[in-house]
Amino acid sequence: MDKVHVFNAGPCVLPQVAIDRSIEALRDFKGTGVSLISISHRTKEWEEVMEECRSLWKELLCIPDDYETVFLGGGASLEFLYVAMNFLENKAAYLDTGVWAHKALQEAQGIGNAYALACSKDRNYCYIPKGYEIPSDIDYFHITTNNTIYGTEIKTDIDCPVPLIADMSSDILSRRVDVSKYAMIYGGAQKNAGPAGVTFAIIRKDALGKVSRRIPSMLDYRLHIDKASMFNTPPVFSIFVMNETLKWLKSMGGIDAIHAADEKKAATLYAEIDRNSLFRGTADKEDRSIMNVCFVMADGREGLQDEFLAFAKQCGMVGIKGHRSVGGFRASLYNACTQEDVDALVKCMQEFEKLHI
């Protein structure tokens, strides 16, 4: 095997330069003689990393001045609770487009009145609901822009009459986003922005402070903003790798350049799925994700699934097995996944087809 091609859904493949610089920092952080994982987060050297990371988020996404970006632990799953604690006063509506969207809704229902405004579970979450009307009497409307398990994506910023909150864990930094349309954008870094262990939250400051409940300190976004994400010890290593990943993205030409590359990768793989007699896609074509490409064996060919997984492994493919809840296959084409990786997967699929014509 000459090379492995990583399509893991998360933790994601990271740019090699970010990995290399992180290894260097583990040995000696900024010439301090101290390892990154032993450094105090109260040193000026670390504060410089935190400030640079916030500045890169602001620059890459054109975040307006009335927003703050914080870095927290706990993953996006904990953010589900954060959102409800900080924004849910009377009632909230959720767009239920998959497992993680549904879990976000369930977490909010443990806090107060939250419901699904629209849902695509009737067809195993293979599409994004349309034609719904967003009521004006809710505290916020929550969406999950990309659904990693089912391979669907909301590709444009929707107009919303109430505060809009989006979980963008798996498509953040892959397309231009009008941040001003959102009260908050959040997500786990491990899909596109860095390693597991840190989440990002981009919050419009005047959207906070609207609930009457007492919010526990660790769950209060206002406190984390006031303390510059260092109310408690931050996930230092994960933030450092995130910062290096953002620096790499900037060097690649930023959001517009990476979006063009991501679209090309997705188009290449979807074209092969649609052409190849052994495979078929699972998401409606108009809602197909450019980050997570989900597919299965063609009808009547289901018995070849395990054989293809073994064949793909021999060809150097890593992480293409579908989520355990749905089976099939999934290739995650995050920013650091290359066109070369996708071309190799396409070649693998073509060679497998030749064995079964």
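Before reading on, note that the structure itself is shown above.
Given the structure is predicted, the values throughout are model-derived calculations rather than measurements.

Novice: Just checking my understanding: could you explain the nonpolar core for this structure?
Specialist: Counting residues in hydrophobic clusters, the biggest one holds 51 residues, and the most contacted among them are Trp46, Trp57 and Phe141. Contributing elements (two or more residues each) for this core: α2 (44–61), β2 (67–72), β3 (91–96), β5 (141–144), β8 (164–167), β10 (199–204), α6 (236–251) and α7 (254–275). For this core, the element with the most residues is α2, which contributes 8 residues. If near-sequence neighbours (up to four positions away) are discounted, phenylalanine 141 is found in contact with Ala93, Tyr94, Leu95, Leu117, Tyr132, Ile134, Ile158, Cys160, Val162, Pro163, Leu164 and Ile165.

Novice: Where do I start with the packing of α6 against α7 in this structure?
Specialist: For any two helices packed against each other, one specifies the crossing angle of their axes together with the interaxial distance. Following both chains from N to C, one finds α6 and α7 inclined at 80°, their axes separated by 7 Å at the closest point. Accordingly, the angle class assigned to the pair α6 and α7 is roughly perpendicular. Contacts between α6 and α7 involve Trp248, Leu249 and Lys250 on the former and, on the latter, Gly254, Ile255 and Ile258. Of the residues assigned to the contact of α6 with α7, the class counts are 4 nonpolar, 1 polar and 1 charged.

Novice: It is not clear to me how unusual backbone geometry should be interpreted in this structure. Could you clarify?
Specialist: Generally, phi is negative for residues other than glycine and the peptide bonds are trans, each holding for most cases. Here the amide bond leading from glycine 10 into proline 11 is cis, since omega sits at 0°, within 30 degrees of zero. Within the secondary structure, proline 11 is located in the loop between β1 (5–6) and α1 (16–27). At cysteine 62, a position not held by glycine, the phi torsion is positive, near 50°. Residue classification places cysteine 62 among the exposed residues on the basis of a relative accessible area of 53%. With a phi close to 55°, tyrosine 125 is a non-glycine residue in the positive phi region.

Quick notes on the rules
Residues numbered from 1 in each chain as written. Predicted model: local features only at pLDDT ≥ 70, side-chain atom pairs only at ≥ 80, totals over all residues. Heavy atoms only, no water. Core = buried A, V, L, I, M, F, W, Y, C linked by side-chain atoms within 4.5 Å. Buried < 20%, exposed > 50% of the residue type's maximum accessible area, 1.4 Å probe, protein only. Helix = DSSP H or I, 4+ residues; strand = E, 2+ residues; numbered from the N terminus. Contact = heavy atoms within 4.5 Å. Axes fitted to C-alpha atoms, helices over the stretch in contact; angles between N-to-C directions. Parallel < 35°, antiparallel > 145°, perpendicular 65-115°, else oblique. Nonpolar A, V, L, I, M, F, W, Y, C, P; charged D, E, K, R; others polar.

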